[in-house]
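Working through the structure, step by step
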Amino acid sequence: MASRKKVLLKVIILGDSGVGKTSLMGQFVSHRFSNQYKATIGADFLTKEVQIDDRLVTMQIWDTAGQERFQSLGVAFYRGADCCVLVYDVTQANSFRSLDSWRDEFLIQAGPRDPENFPFVVIGNKIDLDNRVIQARKAQSWCAEKSNVPYFETSAKDGINVEKAFETVARNALLREKDIEPTPDFPKPIIIPTNQQPSQSSGCPC
Ligand code: G3D
Ligand code: MG
């Protein structure tokens, strides 16, 4: 049976500062929720392998390093994104209102081929807190207006729904597999037979 090509998905997480982007990534990648974890991330992205049906998928998840405060994330952050996770905090109305501008910013900066059908996923985070101000149906109707973007409510703190949300991220990106740039396979090794005589036409002037 022919083996399927490996898939690498670039996933970026956007949303206002403080909504829990880094915590969601930490919970998903390492099942950890701690400040110490956040302080130790120096990299631009973390990777996690997930199994989606019969496919092994490497998710490369890009988190901001706090520059989202100025909405100036640079072109390398957006370039080649296969999926975009938009996060807000269910206890902060402003962070929900910002979803529009984060989505617009993504579409401008990343310039996907088919913006209407680009795979976004929206996450309402911090559902473990009891001071929620944005109700699920409000977020769901925003998502419905934007070509039915999937919506999840999570707690990065308690690990609620985080796996499920990221699995949907991977699945929806895979559905658009034709748009994903193939991961280059390792080149085939060149086998040099030990008993081979130098050929007459080797081009060697000696
Ligand atoms: P950001 O990366 O979007 O800026 P962070 O957000 O992941 O840094 O999280 C911001 C603050 O929210 C952190 O608290 C973090 O612990 C908290 N937080 C993140 N997710 C959750 C959650 O699901 N529930 C609760 N209760 N808190 C969460 P501090 O105090 O470190 O600023
Ligand atoms: Mg962060």
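Here we summarise the structure given alongside this text. (Residues numbered from 1 in each chain as written. Chains lettered and ligands numbered in written order. Predicted model: local features only at pLDDT ≥ 70, side-chain atom pairs only at ≥ 80, totals over all residues. Heavy atoms only, no water.)

**Some points on the pairing of strand E4 (residues 83-89)**
- The buried count for E4 comes to seven of seven residues, which makes it a mostly enclosed element.
- Burial of E4 is two-sided: the residues Cys83, Val85, Val87 and Asp89 facing one way and the residues Cys84, Leu86 and Tyr88 facing the other way are all buried.
- Alignment of strand E1 (residues 7-14) against E4, held across four bridges, turns out to be parallel. What sits directly across from leucine 14, in E4, is leucine 86.
- When E4 meets strand E5 (residues 120-125), the two strands line up parallel, connected through six bridges. Looking at the pairing, leucine 86 lines up with valine 122 of E5. (Buried < 20%, exposed > 50% of the residue type's maximum accessible area, 1.4 Å probe, protein only. Helix = DSSP H or I, 4+ residues; strand = E, 2+ residues; numbered from the N terminus. Pairing = 2+ DSSP bridges.)

**With respect to the nonpolar core**
- Formed by 29 residues in total, the largest nonpolar core has its most connected members in Val11, Phe28, Met59, Ile61 and Phe166.
- Counting only elements with at least two residues in this core, the list comes to E1, helix H1 (21-30), strand E2 (45-52), strand E3 (55-62), E4, E5 and helix H7 (162-175).
- Broken down by element, the residue count for this core peaks at seven residues, all from H7. (Core = buried A, V, L, I, M, F, W, Y, C linked by side-chain atoms within 4.5 Å.)

**Description of the packing of aromatic side chains**
- Counted by the stated rule, this structure contains ten aromatic pairs.
- Seen from their ring centres, phenylalanine 45 and tryptophan 62 are 5.0 Å apart, and the 35° between their planes marks the pair as tilted. Taken as a pair, phenylalanine 45 in strand E2 and tryptophan 62 in strand E3 lie far apart in primary sequence, 17 residues in all.
- The exposure class of phenylalanine 45 is partly exposed, given its relative accessible area of 31%.
- A centroid spacing of 5.4 Å and a plane angle of 80° characterise the contact between phenylalanine 106 and phenylalanine 120, whose relative ring orientation is edge-to-face. Here phenylalanine 106 is found in helix H5 (residues 99-110), whereas its partner phenylalanine 120 is found in strand E5, with 14 residues between them in sequence. (Phe/Tyr/Trp six-rings, centres within 6.5 Å; stacked < 30°, edge-to-face > 60°.)

**Quick look at the sheet that holds E5**
- Strand order in the open sheet made by the six strands is E2-E3-E1-E4-E5-E6, with mixed pairing throughout. Looking at the sheet topology across the chains shown, the edges are occupied by E2 and strand E6 (151-153). Taken pair by pair, the neighbouring strands of this sheet meet at an average axis angle of 25°, ignoring direction.
- Bridge analysis of E2 against E3 gives eight bridges, and the strand direction is antiparallel. Counterpart to lysine 48 in the pairing with E3 is methionine 59.
- Where helix H6 (residues 136-145) meets the sheet, its contacts fall on E4, E5 and E6, and the angle it forms with E6 comes to roughly 155°. (Axes fitted to C-alpha atoms, helices over the stretch in contact; angles between N-to-C directions. Contact = heavy atoms within 4.5 Å.)

**Regarding the pattern of salt bridges**
- The final tally for this structure, using the stated rule, is six salt bridges.
- Ionic pairing is found between aspartate 89 and lysine 126, a salt bridge with its closest N-O pair at 3.3 Å. Of the two residues, aspartate 89 is situated in strand E4 and lysine 126 in the loop between E5 and H6; the sequence distance between them amounts to 37 residues.
- A relative accessible area of 4% places aspartate 89 in the buried class.
- Judged by relative accessible area, which is 22%, lysine 126 ranks as partly exposed.
- Across the pair arginine 132 and glutamate 153 runs a salt bridge whose closest N-O atoms are separated by 2.5 Å. Within this pair, whereas arginine 132 is found in the loop between E5 and H6, its partner glutamate 153 is found in strand E6, the two being separated by 21 residues in sequence.
- The exposure class assigned to arginine 132 is partly exposed, which follows from its relative accessible area of 27%.
- Residues participating in the shared-partner salt-bridge network are Asp53, Glu167 and Arg171. (Salt bridge = Lys/Arg side-chain N within 4 Å of Asp/Glu carboxyl O.)

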